[in-house]
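A look at the structure
The residues making up each chain are set out below.
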Amino acid sequence: MSTIVALATGENLAAIALIRLSGCEAHALVRQFFVPKSAHAKLPPRRALFGNWVVAGDVLDQVVVTLFSAPHSYTGEDMAEISCHGSPYIVQTLISALIAAGAVPAQPGEYTYRAYLNNKLDLAQAEAVGELIHSRSEAQHHAALQQLSGSLSAKIAALRAQLLELTALVELEIDFSDQDVEFVPRTQLSELTELLHTELAALRATFRQGDAIRQGLPVTIAGAPNAGKSTLLNHFLQEERAIVSDIPGTTRDTIHGEIQIKGITIRFTDTAGLRETSDPIERLGIERTLNCLQGGIFSFLLIDATTVANNASFEEIDRLVAHLTPNASPLLLLTKADLLAETERQTLLARVQNAYPRYTVVLWGARIGLGEAEVRAWLEARVTEYLPTATGFVITNERHYRALLAAEEETRLLAQGITQGLTSDLLAHHLRQIHTHLANITGEIAPAEVLSTIFGKFCIGK
Ligand SMILES: Nc1nc2c(ncn2[C@@H]2O[C@H](COP(=O)(O)OP(=O)(O)O)[C@@H](O)[C@H]2O)c(=O)[nH]1
Ligand SMILES: [Mg+2]
């Protein structure tokens, strides 16, 4: 296998850059360029060695080199890490010299791919490396680290042990099938299958939380033009992300922003105001608003309190609520309530709450921080609904989710087959399918295209 080289520390200008080599020529390549300060003739592994990096007789930089010998490295191959100064010129010259001497530029994720090939990590752990690098919230970080430590792999191993027990019993029957005996009582097979099905379903069901952890909870901010949507977004982001103006129809496209609540990312989408319009661009924006509102569960519905305070009925709110899907969970915000007198706004709140008893209604006044605590409390409640229990283990990866779902479905078919009295060789077919789906997760069985999609998403140098 070729010896690969890449910058591990990314393209941003920094004090130090780290360049990694992996492959059987890694150490020999370093020896071609590296002149240690103190004469270590043999360059001992796992020691940081200071010295000059010399290209074509000229000192390029002062560097620190660490060698790792197979199999005691990240990839399981011979590796070298070269820390040089972060100048793009130094980095480029250093890497070009290594390539001219025979190294090959690494593909995205190739180091981790090699670690997987050398059994340093299983596939679920390799994916966890990618998720760890991309983690943006405390919960996401926690889930990735847990997966990297092998807890998912251990779960899958436990499920496979259960499966093996079941398979052994069924195979026993196949071996003696010509004798037309039922070695294993069908009730025992059914019980074991039921147990496996329950465990698979429980693990698969954690994906709802896992997905929330990975993607964050999306919250659509919707309402009529001028209701104060962009002001609310900016308020929570504490920056002027969206343009605020009293000209209706200012926000024509969706605008995104994130905050963290209890370690979970809340992804706000500020949208174009909902109204009848003949402007084709604005209409496209409104279509996006509706897609956003109907594609998710959580929303803030904003109603300008000053325009509805004196209304006998709330057609405007009815119109907004009519856009929601049946499983929607909206928070109704009566905005600009700071412009109303205290008694006036309390009366309005009571009337709206009375008219929409299923929803939480809050008075909002961006200028004076009115409603801030209630809105945060509402978000926290949604996060708590979605957060795993303290000890809970969650599936965060869609690929794992699909594999578990497929295994669960096969287990259901198996249970059905047992009740219907299918012969053991037909039952064995379902068992093999379940085995394949589970083995896919940890990568014992993984088609090349699955591997290339997974590692293709990694950054170069990882
Ligand atoms: N007094 C008061 N004015 C607000 C509040 N929220 C927004 N506004 C004003 O209402 C106008 C429209 O706000 P904007 O956020 O652009 O509304 P959008 O069209 O829904 O995005 C601007 O002049 C804001 O300053 C609020 O809570 N209180
Ligand atoms: Mg706006």
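Going along each chain's sequence as written, the residues are numbered from 1 onward. In the order they appear in the text, chains get letters beginning with A and ligands get numbers beginning with 1. Restriction of local features to residues with pLDDT of at least 70 applies here, the model being predicted, together with a cutoff of 80 or more for giving and counting side-chain atom pairs; totals for whole chains, interfaces and linings are based on all residues. Only hydrogens and water are set aside; all other atoms, that is, all heavy atoms of the structure, feed into the side-chain values.

Re the coordination of the magnesium ion (ligand 2)
Surrounding the magnesium ion (ligand 2) are the protein donor atoms S230 (OG) and T251 (OG1), at 2.0 to 2.2 Å. In this pair, S230 is assigned in helix 9 (residues 229–237) and T251 in the loop between helix 9 and strand 9 (255–261), connecting sequence segments 21 residues apart. Only protein chains enter the accessibility calculation, which uses a 1.4 Å probe; a residue whose area is less than 20% of its type maximum is buried, one above 50% is exposed, and one in between is partly exposed. Look at T251 and you get buried, because its relative accessible area is 12%. In this description, a donor is an N, O or S atom within 2.8 Å of the metal centre, a cutoff extended to 3.2 Å for sodium, potassium and calcium. Water is not part of the atom list, which can make sites seem incomplete. Secondary structure elements follow DSSP: runs of H or I no shorter than four residues count as helices, runs of E no shorter than two count as strands, and numbering proceeds from the N terminus.

Focus on the site of ligand 1
It suffices for a single heavy atom of a residue to lie within 4 Å of a molecule or strand for the residue to be listed as near it. Among the 17 residues in the neighbourhood of ligand 1, the closest are listed as N226, K229, T231, D338 and A366. Here G228 contributes a backbone N or O atom positioned 2.9 Å from an oxygen atom of ligand 1. Polar contact is the term for a pair of N or O atoms within 3.5 Å; when the atoms are in protein, one must be able to donate a hydrogen and the other to accept it, and sequence-neighboring residues count only if both atoms are side-chain atoms. At 2.5 Å, a side-chain N or O of T231 approaches an oxygen atom of ligand 1. Relative to its unbound accessible surface of 580 Å², ligand 1 loses 91% to contact with the protein. Side-chain classes follow a simple rule in which Ala, Val, Leu, Ile, Met, Phe, Trp, Tyr, Cys and Pro form the nonpolar group, Asp, Glu, Lys and Arg form the charged group, and the remainder, Gly included, forms the polar group. Among the residues forming the shell around ligand 1, the class breakdown is six nonpolar, six polar and five charged. The Shrake-Rupley method, run with a 1.4 Å probe, gives the accessible areas here. Residue values count only the displayed protein chains as cover.

A few points about the pairing of strand 5 (residues 58–68)
At least two DSSP bridges between two strands are required for those strands to pair. Here seven bridges tie strand 4 (residues 49–55) to strand 5, and the two strands are oriented antiparallel to one another. Across the sheet, residue N52 finds its bridge partner in strand 5, namely Q62. Counted between consecutive antiparallel strands, the loop separating strand 4 from strand 5 contains two residues, among which A56 sits at a positive phi close to 50°. Relative to strand 6 (residues 79–85), strand 5 is paired through five bridges, and the arrangement is antiparallel. Each bridged residue has a counterpart across the sheet, and for F68 the counterpart in strand 6 is M79.

Some details on the sheet that holds strand 8 (residues 217–223)
Taken in spatial order, the six strands line up as 9-10-8-11-12-13 in an open sheet, and their pairing is mixed. Edge positions in the open sheet fall to strand 9 and strand 13 (360–363), since each of these has one partner strand only. Averaged over all adjacent pairs, the angle separating strand axes in this sheet is 25°, with direction ignored. As paired strands, strand 8 and strand 10 (residues 264–270) are joined by five bridges and run parallel to one another. Opposite V219, over in strand 10, you have F268 as the bridge partner. Here, residues are in contact when the closest pair of their heavy atoms is within 4.5 Å. Angles run from 0 to 180 degrees between N-to-C directions of axes, and those axes are lines fitted to C-alpha atoms, restricted for helices to the stretch in contact. Running at roughly 135° to strand 8, helix 10 (residues 280–295) makes contact with strand 8, strand 10 and strand 11 (298–304) of the sheet.

Details of the nonpolar core
Where a protein is soluble and globular, its nonpolar side chains tend to be buried together. What makes a nonpolar core is a set of buried Ala, Val, Leu, Ile, Met, Phe, Trp, Tyr and Cys residues whose side-chain atoms join them at distances within 4.5 Å. Core analysis: the largest hydrophobic core is formed by 31 residues, its most contacted members being I266, F268, F300, L333, V375 and L379. The element contributing the most residues to this core is helix 14 (residues 372–386), with five residues. Discounting residues that sit within four places of it in the chain, L333 has contacts with L232, F300, L301, L302, I303, V362, W364 and V375. By size, the runner-up hydrophobic cluster in this structure holds 29 residues, among which are L196, L200, L404 and I434.

Topic: the sheet that holds strand 1 (residues 4–7)
Adjacent strands of a sheet pair through backbone hydrogen bonds, lying either parallel or antiparallel. Strand order in the open sheet made by the seven strands is 3-4-5-6-2-1-7, with mixed pairing throughout. Two strands close off the open sheet at either side, each with one partner strand: strand 3 (34–36) and strand 7 (104–105). Summarising the sheet, strand 3 and strand 4 pair through three bridges and their orientation is antiparallel. Along strand 4, the bridge assignment pairs F34 with W53. Helix-sheet contacts for helix 3 (residues 110–117) involve strand 1, strand 2 (16–22), strand 6 and strand 7, and the interaxial angle to strand 1 is about 135°.

What to know about the side chain of T396
Inspection of the secondary structure puts T396 in the loop between helix 14 and helix 15 (398–419). We classify T396 as buried; its relative accessible area is 4%. A distance of 3.2 Å separates the side chain of T396 from the side chain of E131, its partner in a polar contact. Each residue touching T396, except ones within four places of it in the same chain, is listed here: E131, A143, Q147, F207, G210 and R214.

Re the domain arrangement of the protein chain
What marks off one domain from the next here is an automatic or database domain assignment. According to the domain assignment, the protein chain consists of domain 1 (4–106), domain 2 (128–206 + 395–456) and domain 3 (212–386). If you look at the interface, domain 2 gives seven residues, while domain 3 gives seven residues. Summing the contributions of domain 2 and of domain 3, the shared interface buries around 720 Å²; its carbon and sulfur component is 48%. The term salt bridge refers to a side-chain nitrogen of Lys or Arg lying within 4 Å of a carboxyl oxygen of Asp or Glu. Joining domain 2 to domain 3, the criterion identifies one salt bridge. The partner of E258 in a salt bridge is R136, and the shortest N-O contact between them spans 2.6 Å. Counting across the interface, domain 2 meets domain 3 through five residue pairs in polar contact (both at pLDDT 80 or more). Here's the idea: put two parts together, see how much 1.4 Å probe accessible area each one loses, and the total over both is what we call buried area.

Quick word on the packing of helix 4 (residues 123–133) against helix 17 (residues 448–456)
Between helix 4 and helix 17, the shortest axis-to-axis distance is 10 Å and the interhelical angle comes to 25°. By the criterion of interaxial angle, the relationship of helix 4 to helix 17 is roughly parallel. Judged by residue contacts, L123, A126 and E127 of helix 4 engage L451, I454 and F455 from helix 17. Residue classes in the contact of helix 4 with helix 17 are distributed as five nonpolar, no polar and one charged. Each angle is binned into one of four classes, with values under 35 degrees roughly parallel, values over 145 roughly antiparallel, values of 65 to 115 roughly perpendicular, and all other values oblique.

Examining the pairing of strand 13
As paired elements, strand 12 (residues 329–335) and strand 13 share four bridges and run parallel to each other. Bridge pairing in strand 13 places L331 opposite T360.

Considerations on the packing of helix 4 against helix 16 (residues 424–442)
At their nearest, the axes of helix 4 and helix 16 sit 5 Å apart, and the two run at 40° to each other. Between helix 4 and helix 16, the angle is such that the two are oblique. Across from L123, A124 and E127 in helix 4, the residues of helix 16 making contact are N440, I441 and T442. Residue classes in the contact of helix 4 with helix 16 are distributed as three nonpolar, two polar and one charged.

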